[in-house]
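Residue-level listing of the chains:
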Amino acid sequence: MTAVHAAVHAAVRTVLGDIPPDRLGVTDAHDHLFLRSPLLAGQELDDVPAARAELGAFRAAGGEAVVQWTPYGMGRRAAELPGASRAAGVHVVCATGLHQAGHYAEETLAALRGRLAEVFVGELTDGIGTSGVRAGLVKVAGGFHALDAHARWTMTAAAEAHHATGAPVAVHLEQGTAAPDVLELLCGTLEVPPHRVVLGHLNRFPDPVLHVQAARTGCWLAFDGPSRAHHATDWHMPEAVRALADAGFGAQLLLGGDTVTAGARSVNGGPGMPYLLRRVRPRLAAGLGEELTDRVLRDNPARAFAVEWP
């Protein structure tokens, strides 16, 4: 089994401050309380009472922590996160980073030229705007089977931020693709240690050969998306996770819901955050066993997002 260990004296940086990794608990390793994008017009996650209710519903289902992957400029509402976290009794980890270019106005991107890594580091160490909230990870994104110039720019800045702070780099893989390109750039050219890289959305491209190739590098493998509608590959997820566990990579697996539209929230009639624990967890436990499933939801996120911060 590939060994992935959190640093001694490491902490998970939540919106309420740094906590010991063993306090994180059962974790949705990739989700969204707030999110806004021109690509999802009319479906924004921008309602504070709904976000609080969703977090409360997750807590009622047994959840203890949520990692929000919403990056810079996409309506993170960082100032609202501490109150939501306190009210629900759920730890929340917030991201810095930058998504694909299509999620931003050109003037927004132009204003970040030449200072992107500085922005990431500032949000990780000093805080996001005047909110007082510090980010606990960097989120970036690849493209469909390739990395364009925008992806290479953002990943280069993410690597700089990692080297300055130790923060993990979480990667949206478009439809689950381009994992080899991402790892070649981040872990090869840019020298980010593989155990500091989280590959998201592997469930959307259920190629077992590529999954094992990625796992052998030592990176984290996230299967995240049951709260999103109409993903034809969802039914492959349990077998893909089981195959990786059987191959000895159970210590590198992460699970998340990835709720990205208002209609997907459980409080609006969708599956939402609770679905991860209410339906996905028992389905995985049937194949992996209760002990390994609990480690994937509890122990693995604690190590994936723990950092020995400067």
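Values in this document were obtained by computation on a predicted structure and should not be read as measured data. (Residues numbered from 1 in each chain as written. Predicted model: local features only at pLDDT ≥ 70, side-chain atom pairs only at ≥ 80, totals over all residues. Heavy atoms only, no water.)

Trainee: It is not clear to me how the pairing of strand β10 (residues 220-224) should be interpreted in this structure. Could you clarify?
Mentor: Where a strand is regular, its side chains alternate between the two sheet faces. Within β10, 5 of the 5 residues are buried, which leaves the element mostly enclosed by the surrounding structure. Judged by which residues are buried, β10 turns out to be covered on both faces: W220, A222 and D224 on one side and L221 and F223 on the other are all buried. Two elements, strand β9 (residues 197-200) and β10, share 2 bridges in a ladder whose sense is parallel. Counted as the bridge partner of L199 is L221 from β10. Note: β10 against strand β11 (residues 253-256), 4 bridges, orientation parallel. The residue of β11 that forms the bridge with D224 is G256. (Buried < 20%, exposed > 50% of the residue type's maximum accessible area, 1.4 Å probe, protein only. Helix = DSSP H or I, 4+ residues; strand = E, 2+ residues; numbered from the N terminus. Pairing = 2+ DSSP bridges.)

Trainee: Can you walk me through the pattern of salt bridges in this structure?
Mentor: When charged atoms on two side chains of opposite charge get close, those side chains can pair. Taken as a whole and assessed by the stated rule, the structure comprises 12 salt bridges. R77 is paired through a salt bridge with D46; the nearest N and O atoms lie 3.4 Å apart. A residue pair is termed long-range when its members are at least 10 positions apart, and R77 in the loop between β4 (65-68) and α2 (81-88) and D46 in the loop between β3 (27-31) and α1 (48-60) qualify at 31 residues. On the basis of relative accessible area, R77 is assigned to the partly exposed category, the value being 32%. The exposure class of D46 is partly exposed, given its relative accessible area of 32%. One salt bridge connects R298 with E64, and the closest N-O pair in it is separated by 3.3 Å. Linking R298 in helix α10 (residues 290-304) with E64 in the loop between α1 and β4, this pair joins segments that are 234 residues apart in sequence. Overall, the relative accessible area of 31% leaves R298 in the partly exposed class. When salt bridges with common partners are traced through the structure, they connect R36, D46, R77 and E80 into a single cluster. (Salt bridge = Lys/Arg side-chain N within 4 Å of Asp/Glu carboxyl O.)

Trainee: Sorry, what's going on with the packing of helix α8 (residues 237-249) against helix α9 (residues 275-288) here?
Mentor: Geometrically, a packed helix pair is captured by the angle between its two axes and the distance between the axes. Remark: α8 packs on α9, axes separated minimally by 10 Å, with the N-to-C direction vectors making an angle of 45 degrees. Taken together, α8 and α9 sit at an angle that is classed as oblique. The interaxial crossing formed by α8 with α9 has right-handed handedness. Listed contacts from α9 to M237, P238, V241, R242 and A245 of α8 are V280, R283, L284, G287 and L288. In the contact of α8 with α9, the residues fall into 7 nonpolar, 1 polar and 2 charged. (Axes fitted to C-alpha atoms, helices over the stretch in contact; angles between N-to-C directions. Parallel < 35°, antiparallel > 145°, perpendicular 65-115°, else oblique. Left-handed = near helix turned anticlockwise from the far one by under 90°. Contact = heavy atoms within 4.5 Å. Nonpolar A, V, L, I, M, F, W, Y, C, P; charged D, E, K, R; others polar.)

Trainee: Explain the sheet that holds strand β2 (residues 17-19) to me, please; I cannot follow it from the model alone.
Mentor: Hydrogen bonds between backbone atoms are what pair the strands of a sheet, whose relative direction is either parallel or antiparallel. Strand order across the open sheet formed by 3 strands is β2-β1-β12, with antiparallel pairing between neighbours. Strands at the two margins of the open sheet, each flanked by one partner only, are β2 and β12 (306-307).

Trainee: It is not clear to me how the environment of F144 should be interpreted in this structure. Could you clarify?
Mentor: Relative to the elements of secondary structure, F144 occurs in the loop between β7 (137-141) and α5 (149-165). Residues F144 and E174 lie 30 residues apart in sequence; the distance between their C-alpha atoms is 5.1 Å. In contact with F144, other than residues within four places in its own chain, are E174, Q175 and T177.

Trainee: Please explain the side chain of H30 as it appears in this structure.
Mentor: With respect to the helices and strands, H30 occurs in strand β3. Of the polar contacts made by the side chain of H30, one reaches the side chain of D224; its length is 2.8 Å. Every residue in contact with H30, bar those within four places of it in the chain, is listed here: V67, W69, H201, D224, L255, G256, G257 and D258. (Polar contact = N/O pair within 3.5 Å; in protein donor to acceptor, adjacent residues only side chain to side chain.)

Trainee: Would you mind going over the pairing of strand β8 (residues 169-172) with me for this structure?
Mentor: What you see with β8 is no split at all: V169 and V171 on one side and A170 and H172 on the other are buried throughout. Pairing of β7 with β8 involves 4 bridges; the strand directions are parallel. By the bridge assignment for β8, V138 is matched with V169. At this point the chain moves from β7, through α5, to the parallel β8, and the crossover so formed is right-handed. Where the polypeptide runs from β8 across helix α6 (residues 179-189) and back to β9, its parallel neighbour, the crossover connection is right-handed. (Right-handed = clockwise from strand over helix to strand, strands pointing away.)

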